[in-house]
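One letter stands for each residue in the lines below.
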2 protein chains.
Amino acid sequence: MASRTVEDYIKQIYQEQQPVPGQLVSLGRLATAMEVVPGTVTTMVKALAEAGLVSYEPRQGVRLTPAGEKLALHVLRRHRLIELFLVQVLKFDWSEVHAEAEELEHAVSERLLERIDELLGRPGFDPHGDPIPSAAGEVAQPRLHPLNAARPADRGVIARIADQQAEFLRYATARGLVPGAEVVIQSVDVPGDSITLLVQGKSRTLGRAAAAGILVAWQPEAAASE
Amino acid sequence: MASRTVEDYIKQIYQEQQPVPGQLVSLGRLATAMEVVPGTVTTMVKALAEAGLVSYEPRQGVRLTPAGEKLALHVLRRHRLIELFLVQVLKFDWSEVHAEAEELEHAVSERLLERIDELLGRPGFDPHGDPIPSAAGEVAQPRLHPLNAARPADRGVIARIADQQAEFLRYATARGLVPGAEVVIQSVDVPGDSITLLVQGKSRTLGRAAAAGILVAWQPEAAASE
DNA sequence: TATTTCCCTTTGAGTGTTCAAAGTGGAAAA
DNA sequence: TTTTCCACTTTGAACACTCAAAGGGAAATA
Ligand SMILES: [Mn+2]
Ligand SMILES: [Mn+2]
Ligand SMILES: [Mn+2]
Ligand SMILES: [Mn+2]
């Protein structure tokens, strides 16, 4: 059985290499993310390589092996199912489930996870819109785009909040910027570094940086073919 | 924060010294219960004493300090609330919740525990009839008696199953011997080492050893005053 | 009283995870 | 080309937990 520490390292490597699967993750990046000194990561990564979970290229970085990726997806599945369970069954706010899931993901048995999955109706996405890997390790990858790349008159549905800091999630909730909400872009102010959009009948303006944390599935424009 | 290991040792010491609170628990007993070699317990107990959780009398045994007892009750509260939650909300069988709770009791936050307690309606007893300590550390101690000490015509309600091995719990379930069930003693066969009683309209016979694992709250006899 | 026995303790060692601090490789700057 | 610099690695040590095996205390037995 992988220890709690190993599970967290593998999950972190998966997330750091997400943008470009198969990409090398530098150990410095990992050290920052795991909040340990660089020497600790070097030691740990050698152990992970020994266990066959990563391939390690000294001074270049690490990347997950198939076994590592399988483990990462299992941990992510636990994490995200637990977050959804906490929100739907125990009425937690979506801004406070992450820390809790970070612990519980290492403690739930397969049997309990299966019960939770069943009770929730085999959901595909967690409260933040992140896809929940299936028990077999498959992940949905909907084509989403950050709000900051939108153009006026674009119309779509918020699918995912990438910035999951508690403060940002509370900010987003207060403005109706939650997965499932329909949005229409009203204007993009390039010099002003902001974007204005219509959500739930209200006009909202937010900066580019904030907009970058919100991912939208755009509706295909009826007029523009191809 | 007490580690998982420390919490388990302290809980075990509490349970071993339960029959006579304040009693010394021998390290050998503890080694058997924790499934480690005796030397490990000696080392660990010194650390627990150092942390102020137990008082250690070399070659005599250990006993919890007030701080140790407080910790034990907190862990037991988590364990028992989790067991009840698994049975009531996730529809686990009461014979399979123990192992799960043994892990989760170290992973749930105070906030999550509070939600569970609230959702369950601040219950006083777990699925096996064990009292759930309050957040303040108070435990109900109903006066219960083992079935093997019953006399013919005694009448009462099963309150607790002390033998919590999965196999015994399934055996008990199949015969209606569960907390809340009314029982009337029909006969006690001393040479035959068995006892016969009426449960849910059915007559059941069980051996003394099995009867000892079932605790009953007897109804005061109407006829006998004093 | 002398001996045996059993439990408990001590010692030395190993694993997993971490840090502080010193050392090194190699890309980038000069 | 040479130097500088930063990221990475190495080394030595600590902490929590564990075991195997040897040593010791004192109650029970003879
Ligand atoms: Mn999360
Ligand atoms: Mn975690
Ligand atoms: Mn239990
Ligand atoms: Mn436990």
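What you see is a predicted model; the values in this text were computed from it and never measured.

## What to know about the packing of helix α1 (residues 4–17) of chain B against helix α2 (residues 27–34) of chain B
Residues and elements named next belong to chain B.
Then step 1. Across the interface, α1 lies against α2 with an axial gap of 10 Å and an inter-helix angle of 120°. On the basis of the axis angle, α1 is oblique to α2. Both α1 and α2 take part in a crossing whose hand is right-handed. Across the interface between the two elements, D8, Y9, Q12, I13 and E16 from α1 touch R29, L30, A33 and M34 from α2.
Then step 2. Partitioning the contact of α1 with α2 into residue classes produces 5 nonpolar, 1 polar and 3 charged.

## As for the relation of the copies chain B and chain A
Then step 1. The operation relating chain B to chain A is a screw motion whose rotation component is 180°, with 0.1 Å of axial translation and a residual RMSD of 0.1 Å. A rotation of that kind, with that shift, is consistent with a two-fold axis.
Then step 2. When the interface residues of chain B are mapped onto chain A, 100% of them again lie at the interface, so the same face is used by both copies.

## Thoughts on the coordination of the manganese ion (ligand 1)
Residues and elements named next belong to chain A.
Then step 1. Protein ligation of the manganese ion (ligand 1) involves H79 (NE2), E83 (OE) and H98 (ND1), the donor distances falling in the range 2.1 to 2.2 Å.
Then step 2. Sequence positions of the residues that donate to the manganese ion (ligand 1) give the spacing H-x3-E-x14-H. Within this pair, whereas E83 is found in helix α4 (residues 66–88), its partner H98 is found in helix α5 (residues 97–104), the two being separated by 15 residues in sequence.
Then step 3. Assessed through its relative accessible area of 1%, E83 is described here as buried.

## Quick notes on the coordination of the manganese ion (ligand 4)
Then step 1. Protein coordination of the manganese ion (ligand 4) is provided by B:D8 (OD), B:E102 (O), B:E102 (OE), B:E105 (OE) and B:H106 (NE2), with donor distances spanning 2.0 to 2.4 Å.
Then step 2. Along the chain, the residues that donate to the manganese ion (ligand 4) are spaced as D-x93-E-x2-E-H.

## What about the protein's contact with DNA strand D?
Then step 1. As a matter of local geometry, DNA strand D sits amid 19 residues, with A:T42, A:K46, A:Y56, B:S3 and B:T40 nearest to it.
Then step 2. Each atom of DNA strand D within 4 Å of the protein was assigned to sugar, phosphate or base; sugar and phosphate come to 77%.
Then step 3. With respect to DNA strand D, the side chain of A:K46 contributes an N or O atom lying 2.3 Å from a phosphate oxygen.
Then step 4. Separating a phosphate oxygen of DNA strand D from a side-chain N or O atom of A:Y56 is a distance of 2.3 Å.
Then step 5. Secondary structure elements with two or more residues in the surface near DNA strand D: α2 (27–34) and α3 (38–50) of chain A together with α1 and α3 (38–50) of chain B.
Then step 6. Broken down by element, the surface near DNA strand D gets its largest block of residues, 4 residues, from α3(A).

## Observations concerning the domain arrangement of chain A
Then step 1. As far as domains go, chain A holds domain 1 (4–64) and domain 2 (145–224).
Then step 2. With centres defined by C-alpha atoms, the gap from domain 1 of chain A to domain 2 of chain A works out at 33 Å.

## Some thoughts on the sheet that holds strand β7 (residues 202–207) of chain B
Residues and elements named next belong to chain B.
Then step 1. With respect to topology, 6 strands assemble into an open sheet ordered β3-β8-β4-β5-β6-β7, the strand pairing being antiparallel. Looking at the sheet topology across the chains shown, the edges are occupied by β3 (145–146) and β7.
Then step 2. Across 3 bridges, the pairing between strand β4 (residues 155–161) and strand β5 (residues 182–189) is antiparallel. By the bridge assignment for β5, V157 is matched with E182.
Then step 3. In this fold helix α7 (residues 166–174) packs onto β4, β7 and β8 (214–218), with an angle of close to 155° to the strand it touches most, β7.

## Remarks on the interface of chain B and chain A
Then step 1. Contacts between chain B and chain A engage 18 residues on the former and 18 residues on the latter.
Then step 2. Between chain B and chain A, a total of about 1,600 Å² is buried, with carbon and sulfur atoms accounting for 63% of that surface.
Then step 3. Looking at the side of chain B facing chain A, the largest losses of area belong to B:L90, B:L112 and B:R115, adding up to 31% of the total buried there.
Then step 4. Taken together, the links from chain B to chain A amount to 2 salt bridges.
Then step 5. With a shortest N-O distance of 3.4 Å, A:R111 and B:E96 are connected by a salt bridge.
Then step 6. Counting across the chain B and chain A interface gives 8 residue pairs in polar contact (both at pLDDT 80 or more).
Then step 7. Counting only elements with at least two residues in the side of chain B that touches chain A, the list comes to α4 (66–88), α5 (97–104) and α6 (110–119) of chain B.
Then step 8. With 5 residues, α6(B) is the largest single contributor of residues to the side of chain B that touches chain A.

## Observations regarding unusual backbone geometry
Residue and element names in this part refer to chain A.
Then step 1. If you check the backbone angles, E35 has positive phi at about 55° while not being a glycine.
Then step 2. Looking at where E35 falls in the secondary structure, it is placed in the loop between α2 and α3.
Then step 3. Classification of E35 as exposed rests on a relative accessible area of 73%.

Conventions we followed
- Residues numbered from 1 in each chain as written.
- Chains lettered and ligands numbered in written order.
- Predicted model: local features only at pLDDT ≥ 70, side-chain atom pairs only at ≥ 80, totals over all residues.
- Heavy atoms only, no water.
- Axes fitted to C-alpha atoms, helices over the stretch in contact; angles between N-to-C directions.
- Helix = DSSP H or I, 4+ residues; strand = E, 2+ residues; numbered from the N terminus.
- Parallel < 35°, antiparallel > 145°, perpendicular 65-115°, else oblique.
- Left-handed = near helix turned anticlockwise from the far one by under 90°.
- Contact = heavy atoms within 4.5 Å.
- Nonpolar A, V, L, I, M, F, W, Y, C, P; charged D, E, K, R; others polar.
- Least-squares fit on C-alpha atoms with pLDDT ≥ 70 in both.
- Donors = N, O, S within 2.8 Å, 3.2 Å for Na, K, Ca; no water.
- Buried < 20%, exposed > 50% of the residue type's maximum accessible area, 1.4 Å probe, protein only.
- Near = heavy atom within 4 Å.
- Polar contact = N/O pair within 3.5 Å; in protein donor to acceptor, adjacent residues only side chain to side chain.
- Domains from an automatic or database assignment.
- Pairing = 2+ DSSP bridges.
- Buried area = accessible area lost by both parts, 1.4 Å probe.
- Salt bridge = Lys/Arg side-chain N within 4 Å of Asp/Glu carboxyl O.

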